[in-house]
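Chains, contacts and geometry: an overview
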Amino acid sequence: MLKTDFLVIGSGIAGLTFAVKTARRFPDKTITILTKANTDETNTKYAQGGIAVVNDLEHDSYAKHIEDTLIAGDGLCNPDIVEAVVKEGPERVNEIIEWGANFDKDIQGEYMRGKEGGHSEFRILHYKDITGSEIERALVEEAKQYSNINIYNHWFVLDIITQHHLGYLVTKATPDITCYGVYALNLENNSIEKILACCTIMASGGAGQAYRTTTNPRIATGDGIAMAYRAKARIENMEFIQFHPTALYEAGISPSFLITEAVRGDGGILRNKDGVAFMKSYDPRADLAPRDVVARAIDSEMKRTGTEHVYLDCGDMDKHKFQQHFPNIYAKCKSIGIDVFLQMIPVAPAAHYCCGGIKTDSVGRSSIINLYACGECSSTGLHGANRLASNSLLEALVFAHRCAEDIANRIDDMHFHEGVPDWNASGTNDPREMILITQSLKELQLVMSDYVGIVRNDIRLHRAMSRIDLLHNETEDLYKTATLSPHLCELRNLITIGYLIVKGAQFRKESRGLHFNTDYPYKSDILQQVVL
Ligand code: FAD
Ligand code: SIN
């Protein structure tokens with residue numbers, strides 16, 4: 001058994017930021033970070049475009065960033081949260097700069113600012129096209145400065161401990177569900193440990209792996225959202241899955257390599273197989289329309305022309321600037337035989353970001369006492385029905401800070417709960433056939449991609465739900481009898497994610513933001529968040 005004052009699940013931008021802030025403030029308290037892979041294997045590491053922040057009040061304003069965020073969110077953002085994130089953003093970004101994160105500057109020493117879909121101004125700070133990797137590097141180094149932060153790699157968190165594990169009946173209606181810590185599988189010795197904490201912070205990232213084609217790395221299996229749902233936390237807005245319009249199309253390769261939207265911000269043009277620049281016929285903002293619009297337009301062009309992808313034309317872009325801003329993309333394309341100045345890049349939409357998640361209040365508290373959530377696994381009210389590009393790194397910084405502040409104010413009320421039983425693994429055996437897990441995962445990903453993708457309808461959603469139901473029953477049977485492994489637990493979590501997305505989509509009898517249902521092609525007059 002392990003005991004820690006603060007338990008953080010996840011070592012991306014959200015988890016590490018929380019940990020550093022809390023470690024500084026409380027040098028005599030312990031902060032334990034659990035992560036199921038290597039420390040830096042996170043969605044954060046793969047972020048390309050950058051971090052949206054108003055840091056040039058001469059040319060930009062908070063009001064504009066707020067408005068851009070609200071427009072993208074299509075009526076479902078919480079305006080107070082949008083204002084808070086936009087206005088607190090600059091201070092939070094300055095903090096990580098102080099901790100050593102680099103962002104590109106011009107020869108005058110001014111920050112260079114990029115533009116992406118839905119932004120009215122150039123405001124995206126970036127480090128070449130590997131912003132996330134630079135932020136992750138800086139945060140990991142900063143976290144290592146604190147002797148009261150312990151990072152445990154290759155610990156797979158299985159479940160949140162609540163009164164349910166003490167033998168009480170816990171339902172959604174139970175008023176005081178409380179988190180006492182987690183059970184986690186130590187992948188080095190395959191033992192399941194109980195970890196008790198005064199306070200637990202879920203920072204477990206996204207769920208792109210629910211789809212066959214995704215920009216998300218393999219760790220993005222929605223574990224935190226699924227375990228919070230099992231623990232009866234409120235989960236909201238899961239139907240709003242953001243598809244990035246321009247993932248590099250390479251048949252059979254997953255995860256897909258991202259071609260950042262910043263390429264379009266710098267002049268890249270989308271063309272169909274006939275070479276036609278089609279975006280203007282879909283939206284006056286053309287290639288820089290918000291992501292939902294561009295992804296749907298590409299989807300429609302692909303269906304109309306019977307192709308698996310469209311093209312991104314960078315032929316007229318400044319070669320020197322491209323190589324400076326996008327060296328990683330340039331090299332990746334080169335490695336598969338594409339010279340971006342001579343050939344167009346084949347691109348197609350891919351599942352990219354989960355706008356919904358664990359519902360939190362304005363300081364990151366979930367509906368379970370002593371369980372906080374920040375980063376991609378949370379639903380704070382910032383994104384509404386569609387996230388504005390490059391707002392998620394910002395949200396993670398602001399909410400990690402808000403969680404840390406709120407916990408600091410409540411620290412005297414938080415205590416360990418003794419008497420939590422050990423995990424009971426009796427009656428389980430190693431699964432005889434791995435194919436039972438891998439095939440189910442493939443089926444789930446296909447169902448989600450084919451029936452619950454960019455364009456949905458009622459029949460597809462109904463079919464998806466019955467297939468998910470079957471996969472759920474089969475997997476629960478396996479779970480009850482098999483020794484636990486990350487593969488099995490991730491499959492189980494992804495099935496829950498699929499269920500939550502489909503359920504949310506079925507509730508929403510309208511088309512709004514990222515959710516487009518051809519049976520209800522218009523927006524309803526009633527604004528509602530789907531909370532499950
Ligand atoms: P992550 O960084 O994903 O970290 C999750 C952590 O949780 C990992 O350490 C993982 O191991 C751990 N974890 C998960 N499950 C378990 C478990 N069961 N047990 C133990 N540990 C677990 N956003 C922007 O704002 N700007 C961008 O330019 C941008 N570009 C992107 C490009 C790509 C290719 C991708 C995939 C995303 C991009 N995003 C971007 C989105 C952004 O990167 C993520 O939303 C953000 O980094 C999420 O951070 P996080 O801390 O919430 O989670
Ligand atoms: C990108 O660089 O296009 C991704 C930005 C984001 O997801 O916010």
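Here's a quick rundown of the structure. (Residues numbered from 1 in each chain as written. Chains lettered and ligands numbered in written order. Predicted model: local features only at pLDDT ≥ 70, side-chain atom pairs only at ≥ 80, totals over all residues. Heavy atoms only, no water.)

Quick word on the sheet that holds strand 4 (residues 113–114)
Strand order in the open sheet formed by three strands is 3-5-4, and the pairing between neighbours is antiparallel. Looking at which strands have only one partner, the edges of the open sheet turn out to be strand 3 (51–52) and strand 4. Pairing geometry for strand 3 and strand 5 (residues 124–125), over two bridges, is antiparallel. Looking at strand 5, one finds that isoleucine 51 is bridged to leucine 125. (Pairing = 2+ DSSP bridges. Helix = DSSP H or I, 4+ residues; strand = E, 2+ residues; numbered from the N terminus.)

Structural notes on the pattern of salt bridges
Overall, the coordinates contain 39 salt bridges when judged by the stated rule. With a shortest N-O distance of 2.7 Å, aspartate 313 and arginine 271 are connected by a salt bridge. One end of the pair, aspartate 313, is in strand 13 (residues 310–313); the other, arginine 271, is in strand 12 (residues 269–271), with 42 residues separating them in the sequence. Given the relative accessible area of 17%, aspartate 313 is considered buried. We note a salt bridge from arginine 296 to aspartate 292, for which the minimum N-O separation is 3.6 Å. Taken as a pair, arginine 296 and aspartate 292 lie in helix 8 (residues 291–305) at a separation of four residues, close to a single helical turn. Assessed through its relative accessible area of 10%, aspartate 292 is described here as buried. (Salt bridge = Lys/Arg side-chain N within 4 Å of Asp/Glu carboxyl O. Buried < 20%, exposed > 50% of the residue type's maximum accessible area, 1.4 Å probe, protein only.)

Some points on unusual backbone geometry
Each neighbour pair has its own omega, and for serine 254 with proline 255 the value is -5°, a cis peptide bond. By secondary structure assignment, the location of proline 255 is in the loop between strand 11 (241–248) and helix 7 (262–265). Of note in this structure, lysine 232 is not a glycine but carries a positive phi near 80°. Inspection of the secondary structure assignment puts lysine 232 in the loop between helix 6 (223–230) and strand 10 (235–236). The backbone phi angle of asparagine 370 is positive, close to 65°, even though this residue is not glycine. Look at asparagine 370 and you get buried, because its relative accessible area is 9%.

Thoughts on the site of ligand 1
With respect to spatial proximity, 38 residues lie near ligand 1, and among them Thr44, Gly50, Asp223, Glu376 and Ser392 are the closest. The separation between an oxygen atom of ligand 1 and a polar main-chain atom of serine 11 is 2.9 Å. Residue alanine 14 places a main-chain N or O atom 3.0 Å away from an oxygen atom belonging to ligand 1. In isolation ligand 1 has 1,000 Å² of accessible area, and contact with the protein removes 98% of it. Across the shell around ligand 1, the residue classes break down as 14 nonpolar, 19 polar and five charged. (Near = heavy atom within 4 Å. Polar contact = N/O pair within 3.5 Å; in protein donor to acceptor, adjacent residues only side chain to side chain. Areas by Shrake-Rupley, 256 points an atom, 1.4 Å probe, with all protein chains shown as cover. Nonpolar A, V, L, I, M, F, W, Y, C, P; charged D, E, K, R; others polar.)

Topic: helix 13 (residues 458–481)
Counting along an α-helix, one turn takes 3.6 residues, and residues three or four places apart therefore face a common direction. For helix 13, which comprises 24 residues, the first-to-last C-alpha distance of 35 Å matches the rise-based estimate of 34 Å (1.5 Å per residue) to within 8%. Those residues of helix 13 that fall on the buried side of the exposure criterion are Leu461, Ala464, Met465, Ile468, Leu471, Thr475, Glu476, Leu478 and Tyr479. Near the N-terminus of helix 13, the side chain that reaches the backbone nitrogen of isoleucine 459, with its oxygen 3.2 Å away, is that of asparagine 457. (Expected span 1.5 Å × (residues − 1).)

Side note on the side chain of threonine 4
Mapped onto the elements of the fold, threonine 4 is located in strand 1 (residues 2–9). For threonine 4, a relative accessible area of 0% corresponds to the buried category. Of the polar contacts made by the side chain of threonine 4, one reaches the backbone oxygen of phenylalanine 6; its length is 3.1 Å. Polar side-chain contacts of threonine 4 include one of 3.2 Å to the backbone oxygen of threonine 30.

Describing the sheet that holds strand 11
Read from one edge of the open sheet, four strands run 11-14-13-12, paired in antiparallel fashion. Each of the sheet's edge strands pairs with one partner strand only, and the pair in question is strand 11 and strand 12. Ignoring strand direction, the axes of neighbouring strands in this sheet form an average angle of 45°. Two elements, strand 13 and strand 14 (residues 345–354), share three bridges in a ladder whose sense is antiparallel. Its bridge partner lying in strand 14, valine 310 is registered against valine 347. Against the sheet, helix 8 engages strand 11, strand 12, strand 13 and strand 14, with an angle of about 60° to strand 11. (Axes fitted to C-alpha atoms, helices over the stretch in contact; angles between N-to-C directions. Contact = heavy atoms within 4.5 Å.)

Some details on the site of ligand 2
Every residue close to ligand 2 is listed here: Gln48, Gly49, Glu116, His244, Leu258, Thr260, Glu261, Arg291, His352, Arg387, Ala389 and Ser390. A distance of 2.7 Å separates an oxygen atom of ligand 2 from a polar side-chain atom of histidine 244. Here an oxygen atom of ligand 2 sits 2.6 Å away from a polar atom, N or O, in the side chain of histidine 352.

Description of the packing of helix 3 (residues 62–73) against helix 4 (residues 79–98)
Viewed as axis vectors pointing N to C, helix 3 and helix 4 meet at an angle of 135°, and their least axial separation amounts to 9 Å. Between helix 3 and helix 4, the crossing angle belongs to the class labelled oblique. Where helix 3 crosses over helix 4, the two elements pack in a sense that is right-handed. Contacts between helix 3 and helix 4 involve Tyr62, His65, Ile66, Thr69 and Leu70 from the former and Pro79, Val82, Glu83, Val86, Lys87 and Pro90 from the latter. By residue class, the composition of the contact of helix 3 with helix 4 is seven nonpolar, two polar and two charged. (Parallel < 35°, antiparallel > 145°, perpendicular 65-115°, else oblique. Left-handed = near helix turned anticlockwise from the far one by under 90°.)

Considering the packing of aromatic side chains
For the structure on display, the rule yields ten aromatic pairs. Judged by centre distance (6.4 Å) and plane angle (75°), the ring pair of phenylalanine 6 and phenylalanine 18 falls under edge-to-face. Of this pair, phenylalanine 6 sits in strand 1 while phenylalanine 18 is found in helix 1 (residues 13–25), placing the two residues twelve residues apart along the sequence. Phenylalanine 18 shares its class with phenylalanine 6; the two are buried. Measuring from ring centre to ring centre gives 6.4 Å for phenylalanine 6 and phenylalanine 26, while their planes differ by 35°; the resulting arrangement is tilted. Of this pair, phenylalanine 6 sits in strand 1 while phenylalanine 26 sits in the loop between helix 1 and strand 2 (31–35), and the two are 20 residues apart along the sequence. For phenylalanine 6, a relative accessible area of 1% gives the class buried. Members of the aromatic cluster, each reached through a chain of ring pairs, are Phe322, Phe326, Tyr330 and Phe341. (Phe/Tyr/Trp six-rings, centres within 6.5 Å; stacked < 30°, edge-to-face > 60°.)

Quick look at the nonpolar core
One finds Met202, Tyr211, Ile225 and Val452 to be the most contacted residues of the largest nonpolar core, which totals 67 residues. With ten residues, the single largest contributor to this core is helix 14 (residues 486–507). For isoleucine 225, the contacting residues outside a window of four places in its chain are Ser204, Ile235, Met238, Cys354, Gly357, Ile358, Cys377, Ile497 and Leu500. With 55 residues, the next largest nonpolar core counts Phe26, Ile149, Leu394 and Phe399 among its residues. (Core = buried A, V, L, I, M, F, W, Y, C linked by side-chain atoms within 4.5 Å.)

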